[in-house]
Protein chains: 2
Amino acid sequence: MDAQLDKLKFDSNGLIPIIVQDVENDQVLMMAFMNREALDKTLATGKIHTYSRSRGRLALKGESSKHFQHVKKILTDCDRDVVLFKVVQDVAACHEGYRSCFFREYEEGADDWKIAAKKAFDPDAVYKK
Amino acid sequence: MDAQLDKLKFDSNGLIPIIVQDVENDQVLMMAFMNREALDKTLATGKIHTYSRSRGRLALKGESSKHFQHVKKILTDCDRDVVLFKVVQDVAACHEGYRSCFFREYEEGADDWKIAAKKAFDPDAVYKK
């Protein structure tokens, strides 16, 4: 039982949106969802765990890649229905090889989003192991 | 019609989560949802518009307070199902008077989240006008 966590508002599916931000340079790394179990596990281990809606299960972020997110600070908003984690990111957050999942930038008049970052690692090498 | 916006993935309720970040210091200001209409209006006006799930309608951020968010940069993530806006924030983002909605910090062993920021304005003065 954690009184502070009990005050958070989960949605009708038992989920709460979370934002993960790099504690070193404040870059937004990703957005995901947690259920209460993922939140408890994140606090117990100090590593971000999410609830994967596509896989329908708890997932340790970095499980395959070993690119873990180490929690340093936890904040919530005025409505207590979003949680912001400030983390130390191992290597990179995105499974496509970028430091942040937000690597696509809107460019006025263009047909597609442009890639606005350079890869931090080669996904083929990391995930084929 | 905007080809880039057409590539975004809205959920089964027609909504997409958005993160608003201060372009000047990278502080995360708030998290909200947009439907396609809110997104189109945001791009047309350069000011953040959200879809308010509680009020069930489009809302111009800062409508009452005049604390608008002026869009400078738009990013999306690998899955194209979250949008990150970098903005110039007028005065403050939070209706409780704080610069960022994320003003509550988790403190180990405490009964409640602690207030980790100072107010930027007095909500009673601003909203009673």
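In this report, we go over the structure that sits alongside the text.

Thresholds applied
Residues numbered from 1 in each chain as written. Chains lettered and ligands numbered in written order. Predicted model: local features only at pLDDT ≥ 70, side-chain atom pairs only at ≥ 80, totals over all residues. Heavy atoms only, no water. Helix = DSSP H or I, 4+ residues; strand = E, 2+ residues; numbered from the N terminus. Buried < 20%, exposed > 50% of the residue type's maximum accessible area, 1.4 Å probe, protein only. Phe/Tyr/Trp six-rings, centres within 6.5 Å; stacked < 30°, edge-to-face > 60°. Lys NZ or Arg CZ within 6 Å of the ring centre and 35° of its normal. Pairing = 2+ DSSP bridges. Contact = heavy atoms within 4.5 Å. Axes fitted to C-alpha atoms, helices over the stretch in contact; angles between N-to-C directions. Buried area = accessible area lost by both parts, 1.4 Å probe. Salt bridge = Lys/Arg side-chain N within 4 Å of Asp/Glu carboxyl O. Polar contact = N/O pair within 3.5 Å; in protein donor to acceptor, adjacent residues only side chain to side chain.

1. Observations concerning unusual backbone geometry
All names here are of chain A.
- A positive phi angle, close to 55°, is found at Arg 80, a residue other than glycine.
- One can find Arg 80 in the loop between β5 (69-76) and β6 (83-89).
- Taking relative accessible area as the criterion, Arg 80 reaches 14% and is therefore assigned buried.

2. Observations concerning the packing of aromatic side chains
Residues and elements named next belong to chain A.
- Taken as a whole, this structure holds six aromatic pairs over all chains when the rule is applied.
- An angle of 20° between the planes, with centres 3.9 Å apart, marks the rings of Tyr 98 and Phe 103 as stacked.
- Over the face of the ring belonging to Phe 68 we find Lys 47, whose NZ or CZ atom lies 5.1 Å from the ring centre.

3. Regarding the sheet that holds strand β5 (residues 69-76) of chain B
- Across the sheet, which stays open at both edges, the six strands sit in the order β8(A)-β7(A)-β5(B)-β6(B)-β1(B)-β2(B) with mixed pairing between neighbours. Lying at the two open borders of the sheet, with one neighbouring strand each, are β8 (114-115) of chain A together with β2 (28-34) of chain B.
- Bridge count for strand β7 (residues 104-105) of chain A against β5 of chain B is two bridges, and the pairing is antiparallel. For Arg 104 of chain A, the partnering residue across the bridge sits in β5 of chain B and is Thr 76 of chain B.
- Packed on one face of the sheet, helix α2 (residues 36-45) of chain B meets β2, β5 and β6 (83-89) of chain B and runs near 125° to β2 of chain B.

4. Thoughts on the interface of chain B and chain A
- Contacts between the two partners involve 40 residues from chain B, matched on the other side by 40 residues from chain A.
- Together chain B and chain A conceal approximately 3700 Å² of surface at their shared face, both sides included; 61% is due to carbon and sulfur atoms.
- The interface formed by chain B and chain A holds two salt bridges in total.
- Residue Asp 112 of chain A is joined to Arg 80 of chain B by a salt bridge in which the shortest nitrogen-to-oxygen separation is 3.1 Å.
- In this assembly, chain B and chain A are joined by 18 residue pairs in polar contact (both at pLDDT 80 or more).
- Elements supplying a minimum of two residues to the side of chain B that touches chain A: α1 (3-6), β1 (16-22), β2, β5, β6 and β7 (104-105) of chain B.

5. Here's the deal with the pairing of β1 of chain B
Residue and element names in this part refer to chain B.
- With seven of its seven residues buried, β1 lies for the most part within the structure.
- Both faces of β1 are covered, namely the face carrying Ile 16, Ile 18, Val 20 and Asp 22 and the face carrying Pro 17, Ile 19 and Gln 21.
- Bridge count for β1 against β2 is six bridges, and the pairing is antiparallel. Note on β2: the bridge partner recorded for Ile 18 is Ala 32.
- Alignment of β1 against β6, held across five bridges, turns out to be parallel. Across the sheet, residue Val 20 finds its bridge partner in β6, namely Phe 85.

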